[in-house]
Each structure stands twice: as structure tokens, then as C-alpha cells.
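Fold and contact review
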Amino acid sequence: MAKFNFSKVILAGLGLLLNLSAVSLGTDEWLNGQHQITNAEVSAWPDANIHTVPAEGIILEVMSAADNSSAKTPVEETSGEETPGRRLAELEKRIADLEAALAAAQQRYLDALDRIYAGLAGDDSRLAFLLECLASQQDDVKLWSLNKVDAWRNSGTDVPVEALGEPLKSLVCDRNGQIRLATSRLLALLVKIDSSQKLIEQFRCESDPAVRIELLAAIGQVGGYASSAGSSYNISPEIRIEALDAASVYLDSNEPEKSLIGAEVIRKLLLKDGLDEKLGRAYFELLAKRYQRQDNTVEYRAKLLDEMSRLCGNDSYYRAVATELFDDIFVSALGEVHKTLVEAAAVGLINIDPVSGYKLLVERGFWDTKSEIIQRNLVDLAASYGEASDMEWLNHLRMNAASMEIRKNAAGGMLKVFQKCPAPVLMSWAKRLSAEGTEQDLVLVRNALELAEKKTSESPSSDLKKQITIELAVAYKQSKDYEQAARYLGSLVEQADANEKKLYAADLLDVYLHGGKFGAAADMLTAQLAGGDIDEATSSVIDAYFNTVQDAGRISAAAAKLQSVKYPPKRPIWEKRLADWTQTAAAIVSDANLPVDVNGRD
């Protein structure tokens, strides 16, 4: 029996691996990432073959070195008698150590590739490097390369599929199952590469179940893309039918995951392109039949319903067939207690017919469900199909929905429905919402009133128009849009009788003051004082302004304008109130230099 010096073998193996990893590199600076790669070195890589060192060769050379060693083992040096059991244990330990050292060395090799790849400048250099690595004889290097292509895909920059297409397709039939698996998954994502022929060929002969199902999933993904408007290729009807038949077998599987992949492939291959209607219908019947099986779990049924509902959308080639076969299934599933089933069924009914689906779900009160998916769909549909009767539940969701997005969308839905409502309904909602007083409420109030104003622009009902004008003035004042409030209040003052005029005038003065229109306020007071002393309503408005506003600049400007008002003699109430307001202003504006009364009175 040959004598082994395993310590030397391990060191020799590690040294061999590390030396091979650094072929053409010369120093450890490559492995340490300190070397800047030149274009000349890039062009020399194929000849240097730094990334295609066969792992089998490394292992053979390591084992050869072990076989040729004649040194005694530590066991022989310390023991006069060797037993088979001790010898076997020692061998197993050293083999394990050797395998660990080998794995560590291989990882260093891949780490070196990472550093080389990271140091490359430009996509062209990286592409050239990846193409060489994809053609490597070493499985770990090919897997490393596939991961780098996937990372490129995730980077947000376009993957050069024209150059990578053929190398990737060749790996579909690689002898290593891990490589075939990784390649199938990658090609399912790089759908601009027409890999359908290679995928179906390997599917026919693939013996690994895990790889086989990924090959089929990739065919479904590629076939779905081939049917889209942006595709530059089509897959043949023969490949489509062969894949559909294979997917049907998986659909019938007792394993939910496999069955759902079969359903997904059927959907992708039938969503856009159509086969003969009778042939296509058969696959839809299989989906309906599979859903009805008694051994299905709730999770499986919900996911299968989702696949079925997606075949009922506007973009489905077989929408009519899907509607015929799936409609009753969806309606029945609405009665399920499991939320996921009800959600999938609701989406399916909406896909079949948005109008009838919307009405059915609203009538059954599904807007009050805890499902945000259903609420979101109904709120979105209300914008197009909602009526005045839908305002109640939309307002309920606006106020109470758990999702802020749904609350916001419900408010938008109300604005859309407003456009369909008559003026009296809009007035009713404006009064109701104004009581809430939130900013969103006020936006809705203003929109409702503005629409009501437009709807009554040619109406003979002066009472309704007046009421709308009043509510608009109040709404704009609440929103602190004083300019608009003044416009509507001015209109009311002009049209009011003697009893109402004073009230509207006082409101208009208040709007002028809070809006900083002190000149307009002074003009109103001048006009009032020309006909008599200040009235109580007007005095109360000015009192409130001076007692609530603490902005020194505004108070100073307001007081100055009040003192500039010209008025006839014998206005005792005005003079008393003016003195009070001036004193209040002086207290707020300590350094106020208020002008003297232009009428010459103290």
C-alpha cells in the first residue's frame, strides 16, 4: 500500500489550485484586486485561459501527488501497530480536510474572477469576459457567469441579448443539471432571446424533474412574450401545442405547485395568440375541471381562480370562451368565506364585464368588505360607472377605509360621480360635507357647488341659484380663498333686499379685512357712513378682527386705513369705536406710528 503524506498533499493541492487560479497573473495583486486591467490583457485572456481551468484536472493532479508520496503518515510515526479502523478513520479525516481545502481554493478562484470582472471598464470588456466564461469547461465558472448575466439584467441597463443568445441557448442542454436549471430560469427572464426551440428540445429528453418544469415555465414565458406587440419573433404553432399539452399534464398533477405552473403556462400561451377555437376551448375546459376537484386547498383554488380571471380580460384572445366557462365559477366563489377566493372571483367578474361586475359587487355590499383589493377595484370603477346612489358608500370609504390610498381614490370617485348628479343633489351633499370641515371636505364642497352653479346657469329657479351663491361664498371663506368669497358676496349684496343687504355687507367687509383688502373695506365704510352712523353688524365684524388677529403688520395697516375713512359730522358711534380700535392696535403694535384722523378730530 502506498504511503501518503497528507499534509504535503493538501498543501500541494492548495498551491496547485492557487497557482492555476493566477495563471498569467504573476503576483497576488490580481487576487487582492490591486491590478488595473489593460486592453492588451483583455485580448490575451482567451490565450491565457485564466478562467477555464478544469476542476477535474486540478483534482487529478492533487490525487496524483498524493499517490506518489512515500512519506509516513503521523499515525505510522507515533504507533508501532496500525489497525484497519484507525487507518480508515485517518484516511477519511484527511480526505475531508482535502475536500475543504479544495473548496476554499475554488472559492478563491471565483473571488478572483469577481475582482477581475469588477475591474473591467465598459460593457464591451465585460461582455467579452462573460462570453469566454460561458464557454468554460468548469461548471462553477459557467454558473458564476450566469449569475453575472442575471445581475446585468437587474442593473437596469440593457443586456446584449444578440451576443449572449446563442451561448445561453447552448447551456440549456449542458451535462450539468444545475447549469441547465439556472439557464432555464435566466432565459425565462431574457424573453427577447427566442429560445423556444432549444427549450422544447431539451424538455423532451430532460430527466431531472426540477429542470424539466423550469424548462416548461420558460417556454410559457417566452411564448407569452412572442405574442406581444413588441416581440420580433413568433414561436411555431407546433411548439405552442406541444407545450400546452405538457402544461395540461402538469395542471392535472396532485402537487399544487406543479399544477399552478401548468395553469400559468396555459394562460401565457393562450392569452394573446389563438389556436383553432375548438382546440383552444379544450384547455379552458381543463382549467374549469381542475378547479372543481374536491382535494384542492383554498390557497390553490385562489391562485387558479387568479389565472382564470386573467384569461377574461380585454387582452384575452379567448375572452368569450373564458367568460362562458368561468362566469358561474366566479359568481359561486363570491359566497366563499375565504377572502383570497372572494378577491380572485371579484376580479374575474370585473374582467368579464366591468359594468355588470361593478353593479353586482356593489349591490351585494362588497364595498364594505375588509378586502382592499375589492375596495380599490370598486372605487376605481365608480369613477366611470358610479351613480348618485353610490355616493353613500364612496363617502363611507373616504372617511373610514383602512388604506389612505383608498380614501383618496374614494374622494376622487365622488368628484367624478358629482358630474352626473343634478344640482339639488349636489347642494345636499355640499351642505352635508361642509359640516365636517376638513380640507378634503371643503374641496369636495367647492367642487359640488361649482358643478351645481354650472348646472343652474340656464335654470329659471332664482332661489336655487341664490342658495348656491350663498354656499359658495361660505365655502370659499372657509377655505380662506377670500378673493373668490368676495366675488360671490359682492353678487349677493347687489341682489339683496334692504334687510339682507346689511348681513351680506358685513360678511363682505369681514372677507375684505381677512383678505388684506383694507382699501376696499375703507370704501365700504365710507359709503355706509355717508348715509348714517355705523351699524352693529359692521361694528361687530371690525371688533372681531382687531380682537383675534395678532399680526402687527396687518393690524397696523388696517388701523391706518380705518383712520383714513372720511365721514360727515355727527357720527358718535363710529368715532367711539374708531378710538377703541386705534387703542387696540397701539397695544398690539407698540411702536405704531398711526396717522392722525384725516377728519381733524382727536
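All of the points below concern the structure found in this document. (Residues numbered from 1 in each chain as written. Predicted model: local features only at pLDDT ≥ 70, side-chain atom pairs only at ≥ 80, totals over all residues. Heavy atoms only, no water.)

Quick word on the overall build of the protein
Short version of the rule: Elements are defined by DSSP. Helices are runs of H or I of four residues or more, strands are runs of E of two residues or more, and each kind is numbered from the N terminus. Relative accessibility thresholds used throughout: buried, under 20% of the residue-type maximum; exposed, over 50%; partly exposed, between the two (1.4 Å probe, protein chains only). Pairs of residues are marked as contacts when any of their non-hydrogen atoms sit within 4.5 Å. Residue burial considers only the protein chains on display, and all accessible areas are found by Shrake-Rupley using a 1.4 Å probe.
Each helix and strand counted, the protein has 30 helices and zero strands in total. Per-residue burial for the protein yields a buried fraction of 45% across its 602 residues. For the protein, contacts bridging at least 24 residues in sequence account for 66% of all contacts bridging at least 6. As displayed, the protein offers around 30,100 Å² of accessible surface, 51% of which is attributable to carbon and sulfur atoms.

Details of helix 11 (residues 209–226)
We count it as follows: Expected span of a helix: the number of residues minus one, times 1.5 Å. For the purposes of these results, a polar contact is taken to be a pair of N or O atoms within 3.5 Å, where, inside protein, one atom must be able to donate a hydrogen and its partner to accept one; residues adjacent in sequence count only when each atom of the pair is a side-chain atom.
Across its 18 residues, helix 11 extends 26 Å between first and last C-alpha, which sits within 8% of the 26 Å expected from 1.5 Å per residue. Along helix 11, the residues that are buried comprise V211, I213, E214, L215, L216, A218, I219, G220, V222, G223, Y225 and A226. Considering only its buried residues, helix 11 is in contact with helix 9 (177–189), helix 10 (196–205), helix 12 (237–251) and helix 13 (256–270). Its side-chain oxygen placed 3.0 Å from the backbone nitrogen of A210, D208 serves as the N-cap of helix 11.

Overview of the packing of helix 22 (residues 423–434) against helix 23 (residues 439–455)
Definition in use: Fitted lines through C-alpha atoms serve as axes, helices being fitted only where they are in contact, and the angles separating the N-to-C directions of these axes extend from 0 to 180 degrees. What sets the label is the angle itself: under 35 degrees gives roughly parallel, over 145 gives roughly antiparallel, 65 to 115 gives roughly perpendicular, and the rest give oblique. Crossing handedness follows the turn of the near helix against the far one: under a right angle anticlockwise gives a left-handed crossing, and clockwise gives a right-handed one. Throughout this entry, Asp, Glu, Lys and Arg are counted as charged residues, while Ala, Val, Leu, Ile, Met, Phe, Trp, Tyr, Cys and Pro are counted as nonpolar. The remaining residues, Gly among them, count as polar.
Two numbers describe how helix 22 lies on helix 23: the axes approach to 9 Å, and their chain directions differ by 160°. Relative to helix 23, helix 22 is oriented roughly antiparallel. As for the relative orientation of helix 22 and helix 23, their crossing is left-handed in sense. In this structure, helix 22 contributes A423, L426, M427, A430, L433 and S434 to the contact, and helix 23 contributes D441, L444, V445, A448, L449, L451, A452 and K455. Across the contact of helix 22 with helix 23, the residue classes tally to 11 nonpolar, one polar and two charged.

Points about unusual backbone geometry
Even without being a glycine, K480 presents a positive backbone phi close to 65°. Take K480: it is sitting in the loop between helix 24 (462–478) and helix 25 (482–495). The class of K480 is exposed, set by a relative accessible area of 62%. Backbone geometry at K570 places phi at a positive 60°, although glycine is not the residue there. Relative to the helices and strands, K570 resides in the loop between helix 29 (552–563) and helix 30 (572–588).

Digging into the environment of A410
Topologically, A410 is positioned in helix 21 (residues 404–418). Assessed through its relative accessible area of 0%, A410 is described here as buried. When the C-alpha positions of A410 and L397 are compared, they lie 6.3 Å apart, and in sequence the two are 13 residues distant. In this view, A410 contacts V379, L394, L397 and R398; residues no more than four positions away in its chain are not counted.

Focus on the pattern of salt bridges
Proximity of charged atoms lets side chains of opposite charge pair with each other. The condition is simple: A pairing counts as a salt bridge when a side-chain nitrogen of Lys or Arg comes within 4 Å of a carboxyl oxygen of Asp or Glu.
On inspection of all chains with the given rule, the structure shows 31 salt bridges. Salt-bridge contacts for R267 lead to E307; the nearest nitrogen and oxygen are separated by 2.5 Å. Of the two residues, R267 is situated in helix 13 and E307 in helix 15 (residues 298–310); the sequence distance between them amounts to 40 residues. Residue E307 is classed as buried on the basis of its relative accessible area of 9%. Here R577 and D543 are joined by a salt bridge, their closest N and O atoms 2.2 Å apart. With R577 in helix 30 and D543 in helix 28 (residues 536–548), this residue pair connects regions lying 34 residues apart in the sequence.

Some details on the packing of aromatic side chains
For the record, the criterion: For Phe, Tyr and Trp, rings pair up if their centres lie within 6.5 Å, where Trp contributes its six-membered ring, and each pair is then called stacked (planes under 30 degrees apart), edge-to-face (over 60) or tilted (otherwise).
This structure, assessed with the given rule, holds 17 aromatic pairs. Here the aromatic rings of Y476 and Y488 are separated by 5.8 Å at their centres, their planes lie at 10°, and the arrangement is stacked. One end of the pair, Y476, is in helix 24; the other, Y488, is in helix 25, and 12 residues separate them in sequence. Overall, Y476 belongs to the buried group, its relative accessible area being 4%. Classification of Y488 by relative accessible area gives buried; the value is 5%. A ring pair is formed by Y567 and W574, whose centres lie 6.1 Å apart and whose planes are at 70°; its orientation type is edge-to-face. Accessibility expressed as a relative area gives 7% for Y567, which makes it buried. Aromatic ring contacts, followed pair by pair, group F518, Y545, F546, Y567, W574 and W581 into a single cluster.

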